[in-house]
Amino acid sequence: MKGTDRENLNIHMSQYQSKHRSRIKSWGAILSGLIIVLVIILLIPFVFKGEQRVALHGPDLSEIKYTEIFFNNGDLQLAGMLILPGGEGPFPVAVIIHGSGTSHRDSKWYLAVAKHLQENEVAVLLPDKRGSAKSEGDWRSASFDDLAGDTISAIEFIKTQDQFDYSAIGIIGMSQGGWIAPLAAVKSEDVSFVVSMSGAAVTTDEQLLYEEINNIIEIGTYSIVAKLIAPLTTYKIQQMDFWRPIAGYDPLPHWEKVEAPSFAALGENDKNVPVEESVDRFRALEKEMLIKIYPDGGHGITDPNSGKVQDKFLNDLTEFIANAGN
């Protein structure tokens, strides 16, 4: 190859390499720009998440006058608080069924309901969930049948105690307790009324997926992204030991068998329970049932401004119990 040809080749190679580097830089700039735009888009939900939830407000345990009680479910000793109204009685009495997880005696949610009932001449048995506070056992390995059995044992305690006279015994299932309430009611002939407060009418697996989608959205992402991720996180939860005893539970067959007056209360903006689907399934039951949705109420049926359980629900609850207990 002649020197001139070699020089021309080198010039062409140099020009090609220069153009190639320029193209790489251009594509690199475009790619970087796209990544920046994508990151900004993904961060928008974090920036515009809105206001945080108002903290739950309610009575302190020190405000509640109660008697400590103990009762047994077989070999298992359970404990709780017997919260009595003033006066002679007889009183209707409500046995509360806890939601998921460990129960705490100072929970403002449960105490708000119990205190209102106490002030309106309804006695309350607020148990310690098995494995919580002073109750033996472990809720993590318990099925809904086991927890319904604990509730029936609480009802039996009411029937045999001599601290007050009662006119009727009912059940209030709160959150997950709304699944257990119809199961316990079917197993006992002594239940005069059944309340589901923020309890789902869908299966446990359907509720878990719905809740996981909303949990992921709450962290700060788009609904479409949450719906893609949630099945994975849901599957992981379903492999945990505590989930296996309750997996696939459907409350509707038990609700169909409940003969006592029933009341299902739901908060309109509940992110834990699919409200519309639950209402549709409650209404599809071939039974009379009071169903109410409380505007602006979340999972606790609370007031969005005060953080307190809504007065409208509490008043509806006492009216329902008064009518059912007669």
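Small disclaimer: the values here were computed from a predicted structure and weren't measured.

Considerations on the overall build of the chain
For step 1, the next point in the chain: Within the chain, the secondary structure is distributed over nine helices and eight strands.
For step 2, the next point in the chain: Sorting the 326 residues of the chain into buried and exposed places 47% on the buried side.
For step 3, the next point in the chain: Once local pairs closer than 6 in sequence are excluded, the contacts in the chain between residues at least 24 apart make up 75%.
For step 4, the next point in the chain: Total accessible area on the chain is roughly 17300 Å²; 53% of this is exposed by carbon and sulfur atoms.

Here we look at the sheet that holds strand β7 (residues 262–267)
For step 1, the next point in the chain: Strand order in the open sheet formed by eight strands is β1-β2-β4-β3-β5-β6-β7-β8, with mixed pairing between adjacent strands. Lying at the two open borders of the sheet, with one neighbouring strand each, are β1 (67–73) and β8 (290–294). Direction aside, neighbouring strands of the sheet carry axes that sit 25 degrees apart on average.
For step 2, the next point in the chain: Seen against the sheet, helix α4 (residues 177–187) touches β3 (91–97), β5 (166–174) and β6 (193–197) and runs at an angle of roughly 140 degrees to β5.

Thoughts on the packing of aromatic side chains
For step 1, the next point in the chain: As enumerated under the stated definition, the model contains ten aromatic pairs in all.
For step 2, the next point in the chain: Considering the side-chain rings of F193 and F320, the 6.3 Å spacing of their centres and the 90 degrees angle between planes classify their relative orientation as edge-to-face. You can see F193 sitting in strand β6 and its partner F320 sitting in helix α9 (residues 311–324), a full 127 residues away along the chain. When sorted by exposure, F193 lands in the same class as F320, which is buried.
For step 3, the next point in the chain: With a centroid separation of 5.7 Å and 85 degrees between ring planes, the pair formed by Y294 and F313 is classed as edge-to-face. Of this pair, Y294 sits in strand β8 while F313 is found in helix α9, placing the two residues 19 residues apart along the sequence.
For step 4, the next point in the chain: Overall, Y294 belongs to the buried group, its relative accessible area being 3%.
For step 5, the next point in the chain: For F313, a relative accessible area of 0% puts it in the buried group.
For step 6, the next point in the chain: Taken together, the ring pairs connect F193, F263, Y294, F313 and F320 into an aromatic cluster.

Re the packing of helix α3 (residues 144–160) against α4
For step 1, the next point in the chain: Axis separation between α3 and α4 bottoms out at 9 Å; the angle between their running directions is 60 degrees. Our classification of the angle between α3 and α4 gives oblique. When you trace α3 past α4, the crossing you get is right-handed. Between α3 and α4, the contacting residues are F144, D145, L147, A148, T151 and I152 on the first element and W179, I180, L183, A184 and K187 on the second.
For step 2, the next point in the chain: Classifying every residue of the contact of α3 with α4 gives eight nonpolar, one polar and two charged.

Overview of α9
Each turn of an α-helix holds 3.6 residues, which means side chains three or four residues apart point in the same direction.
For step 1, the next point in the chain: The end-to-end C-alpha distance of α9 is 20 Å, a good match for the 20 Å that 14 residues give at a rise of 1.5 Å each.
For step 2, the next point in the chain: Among the residues of α9, those classed as buried are F313, L314, D316, L317, T318, F320, I321 and A324.
For step 3, the next point in the chain: In the core, the buried residues of α9 are packed alongside β3, α2 (108–119), β5, β6, β7 and β8.

What counts and how
- Residues numbered from 1 in each chain as written.
- Predicted model: local features only at pLDDT ≥ 70, side-chain atom pairs only at ≥ 80, totals over all residues.
- Heavy atoms only, no water.
- Helix = DSSP H or I, 4+ residues; strand = E, 2+ residues; numbered from the N terminus.
- Buried < 20%, exposed > 50% of the residue type's maximum accessible area, 1.4 Å probe, protein only.
- Contact = heavy atoms within 4.5 Å.
- Areas by Shrake-Rupley, 256 points an atom, 1.4 Å probe, with all protein chains shown as cover.
- Pairing = 2+ DSSP bridges.
- Axes fitted to C-alpha atoms, helices over the stretch in contact; angles between N-to-C directions.
- Phe/Tyr/Trp six-rings, centres within 6.5 Å; stacked < 30°, edge-to-face > 60°.
- Parallel < 35°, antiparallel > 145°, perpendicular 65-115°, else oblique.
- Left-handed = near helix turned anticlockwise from the far one by under 90°.
- Nonpolar A, V, L, I, M, F, W, Y, C, P; charged D, E, K, R; others polar.
- Expected span 1.5 Å × (residues − 1).

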